[in-house]
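# An overview of the molecular structure
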Amino acid sequence: MKQVKTVLLVAISFILILLLALHLIWYFGKSQKLNIYILDKTVTKADRIEHKSVVWLLNQLRFVGPDGKPYNHLKDYWGFYPIDTKQGLFDIKSIRLNEIDAYAAVYDAVYYADCYGVYSYEWFKKSPKTVKSSKVYGGMNQNDYLFIKRMNSLGKLVIGEYNMFSSPTNALIRIKTEDIFNVEWTGWTGKYISKLDVVKDGNSKWIANLYEKQHQKPWPTGCDGIILISNEGLVEVLCVGEDLNSDLVKLIPSSEMKTWETQVSDVNFYGWFDIISSRPGSKVLANFKLDVSDAGAEKLKTLGLTSQFPAVVKASEKSFTYYFAGDFAENQVSMFTSKLKGGAILNSLLNMGSSDRDFFNKFYSPMLEHIFSTYYEKSNPLEIQMN
């Protein structure tokens, strides 16, 4: 027994020393200042998962704020701040109209990670989830739009993500925001569901109720599939074996993206996505693809949709304005690994059971690394040359 304890103690000591060494190597690595404005209006839990992985990557790549300190996912963002979930206390951090130009001058980049917001059924836990649940806070507003418009006009990095266009964002703000990103939203969103039964039996049963009212037939349980919801409240379902050959939503990088040194790869995507179209002058860097049958293709056609649509769009060849048409920033990550040299390996091991593991490792992380690094090099050419 004593020998076992000794071996265990030595192993633990080795691991701790190794972690400390990896942290020190990371800590003394060269940092890069990038003052980034992160907006997250959908924060209902303490871990801030809707923007957590953005901060993980900033830390791993040694991007720091203007004060020279690493980013903290708990406080270095704008939007909704939970104070006491039991008492329903919260705070909101937002830019005023008269502050837009000043903040646009000092920030280098902006990332709108989630603009959907917080609703009463999420924040006040006793409230039932209904289609007409009241909004506590959320949606793109005029100041959000004006800020990214100003950042875009200054040639700075602008990244927008899924849920910028749907309700509660009003139509006028949506249309003006679409112009910035050079895309057009079809009005539809979707998501792969491994078992459609969970929608009928879980917190999202309002979706099943809408479907049954509209189609005058039972919600399709007992199969996997993809649910599609329009901004007007229409619901459609694609079932595996009938409308889909497989239940996979493929995320396919363009040939250009596959040439990036960061090695972006094809992956399966399991999160929510917008169905958008690109406009002339924009560049589609990746596409979503649904594996539909003839019946599924016909069903999409009746909705004015196709089985392949843009996932990542760059507004123009020379701009640094990108729209991600999926809930890309919501990933399971272990924050302490972001401050270790080679932390991506340990983070991957610790999150082996997560469905978004491959997406984060093979697509999202290398894509953001390329975008951040390319923009930083363009914005700081003298510093790059000196090093």
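Overview of the structure. (Residues numbered from 1 in each chain as written. Predicted model: local features only at pLDDT ≥ 70, side-chain atom pairs only at ≥ 80, totals over all residues. Heavy atoms only, no water.)

### Digging into the pairing of strand S17 (residues 308-314)
Among the seven residues of S17, six are classified as buried, and the element is accordingly described as predominantly covered. Bridge analysis of strand S16 (residues 283-292) against S17 gives six bridges, and the strand direction is antiparallel. Bridge pairing in S17 links Lys289 to Gln308. One ladder, built from three bridges, connects S17 with strand S18 (residues 321-324); its direction is antiparallel. (Buried < 20%, exposed > 50% of the residue type's maximum accessible area, 1.4 Å probe, protein only. Helix = DSSP H or I, 4+ residues; strand = E, 2+ residues; numbered from the N terminus. Pairing = 2+ DSSP bridges.)

### Brief notes about the environment of Gly190
Summarising the element assignment, Gly190 is placed in strand S10 (residues 183-193). C-alpha separation for the pair Gly190 and Thr85, spaced 105 residues apart in sequence, amounts to 29 Å. Leaving out residues up to four positions away in the same chain, Gly190 has contacts with Ile227, Leu228, Gly271, Trp272 and Phe273. (Contact = heavy atoms within 4.5 Å.)

### Things to note about the nonpolar core
Residues Phe324, Phe328, Phe363, Tyr364 and Met367 are the most contacted members of the largest nonpolar core, which totals 91 residues. Here the element with the most residues in this core is helix H11 (residues 357-379); it accounts for ten residues. Those residues within four positions of Phe328 in sequence are excluded, and the remaining contacts are Glu161, Leu251, Phe269, Phe288, Ala311, Val312, Phe359, Phe363, Tyr364 and Met367. Ile193, Val199, Ile207 and Val235 belong to the second largest nonpolar core, which has 14 residues in total. (Core = buried A, V, L, I, M, F, W, Y, C linked by side-chain atoms within 4.5 Å.)

### Quick notes on the pattern of salt bridges
Applying the stated criterion to the full structure yields twelve salt bridges. With a shortest N-O distance of 3.7 Å, Asp101 and Arg150 are connected by a salt bridge. Here Asp101, found in helix H3 (residues 100-106), pairs with Arg150, found in helix H5 (residues 142-153); they are 49 residues apart in sequence, far enough to count as distant. What makes Arg150 partly exposed here is its relative accessible area of 35%. The salt bridge partner of Asp243 is Lys299, with a shortest N-O separation of 3.1 Å. (Salt bridge = Lys/Arg side-chain N within 4 Å of Asp/Glu carboxyl O.)

### Regarding helix H2 (residues 49-60)
Here H2 spans 17 Å end to end across twelve residues, near enough to the 16 Å set by a 1.5 Å rise per residue. Counting buried positions along H2 yields twelve of twelve residues, so the element is predominantly enclosed. Every buried residue belonging to H2 is among Ile49, Glu50, His51, Lys52, Ser53, Val54, Val55, Trp56, Leu57, Leu58, Asn59 and Gln60, and all of these are buried. Arg62 occupies a position one or two residues after H2 and carries a positive phi of about 65 degrees. (Expected span 1.5 Å × (residues − 1).)

### Brief notes about a nonpolar patch on the surface
The grouping of Leu20, Leu24, Tyr27 and Phe28 at the surface amounts to a nonpolar patch, some 450 Å² of accessible area in total. Considering the arrangement of structural elements, one finds Tyr27 in helix H1 (residues 2-27). (Patch = residues over 30% accessible without salt bridge, like charges linked within 9 Å, V, L, I, M, F, W, Y side chains within 5 Å. Areas by Shrake-Rupley, 256 points an atom, 1.4 Å probe, with all protein chains shown as cover.)

### Quick word on the packing of H2 against H11
With their axes 11 Å apart at the nearest point, H2 and H11 run at an angle of 60 degrees to one another. Looking at the two axes, H2 sits oblique to H11. Crossing of H2 against H11: the hand is right-handed. Facing H2, whose interface residues are Ser53, Val54, Trp56, Leu57 and Leu58, H11 presents Phe360, Tyr364, Ser365, Leu368, Glu369 and Phe372. A breakdown of the residues in the contact of H2 with H11 according to their chemical character gives eight nonpolar, two polar and one charged. (Axes fitted to C-alpha atoms, helices over the stretch in contact; angles between N-to-C directions. Parallel < 35°, antiparallel > 145°, perpendicular 65-115°, else oblique. Left-handed = near helix turned anticlockwise from the far one by under 90°. Nonpolar A, V, L, I, M, F, W, Y, C, P; charged D, E, K, R; others polar.)

### Structural notes on the sheet that holds strand S11 (residues 225-230)
As summarised here, the arrangement of the four strands in space is S12-S11-S10-S15, forming an open sheet in which the pairing is antiparallel. Because the sheet does not close on itself, it has two edges, and the strands there are strand S12 (235-239) and strand S15 (273-278). Each neighbouring strand pair of the sheet contributes to a mean axis angle of 30 degrees, computed without reference to strand direction. Where S11 lies against S12, five bridges are found, and the strand directions are antiparallel. Looking across to S12, one finds that Ile227 is bridged to Val237. Across the sheet, helix H8 (residues 205-215) lies against S11 and S12, angled at about 95 degrees from S12, the strand it touches most.

### Concerning the sheet that holds strand S4 (residues 78-84)
Taken in spatial order, the ten strands line up as S5-S4-S2-S6-S9-S18-S17-S16-S13-S14 in an open sheet, and their pairing is mixed. The open sheet terminates on both sides in strands that have one partner only, identified here as strand S5 (89-93) and strand S14 (267-268). The pairing of strand S2 (residues 36-40) with S4 spans two bridges and is parallel. Across the sheet, the residue bridging to Asp40 is Gly79, located in S4. On top of the sheet, helix H6 (residues 171-181) reaches strand S9 (157-161), S17 and S18; it is set at about 120 degrees to S18, its chief contact.

### As for the packing of aromatic side chains
Under the definition given, this model contains 35 aromatic pairs. The interplanar angle of 70 degrees and the centroid separation of 6.4 Å between the aromatic rings of Phe288 and Phe328 together place this pair among those described as edge-to-face. Taken together, the residues span a long stretch of sequence, with Phe288 in strand S16 and Phe328 in the loop between S18 and helix H10 (343-350) at a distance of 40 residues. Geometrically, the ring pair formed by Phe320 and Tyr375 is edge-to-face, given 5.2 Å between the ring centres and 65 degrees between the ring planes. Here Tyr375 lies in helix H11 and Phe320 lies in the loop between S17 and S18, a separation of 55 residues in the sequence. (Phe/Tyr/Trp six-rings, centres within 6.5 Å; stacked < 30°, edge-to-face > 60°.)

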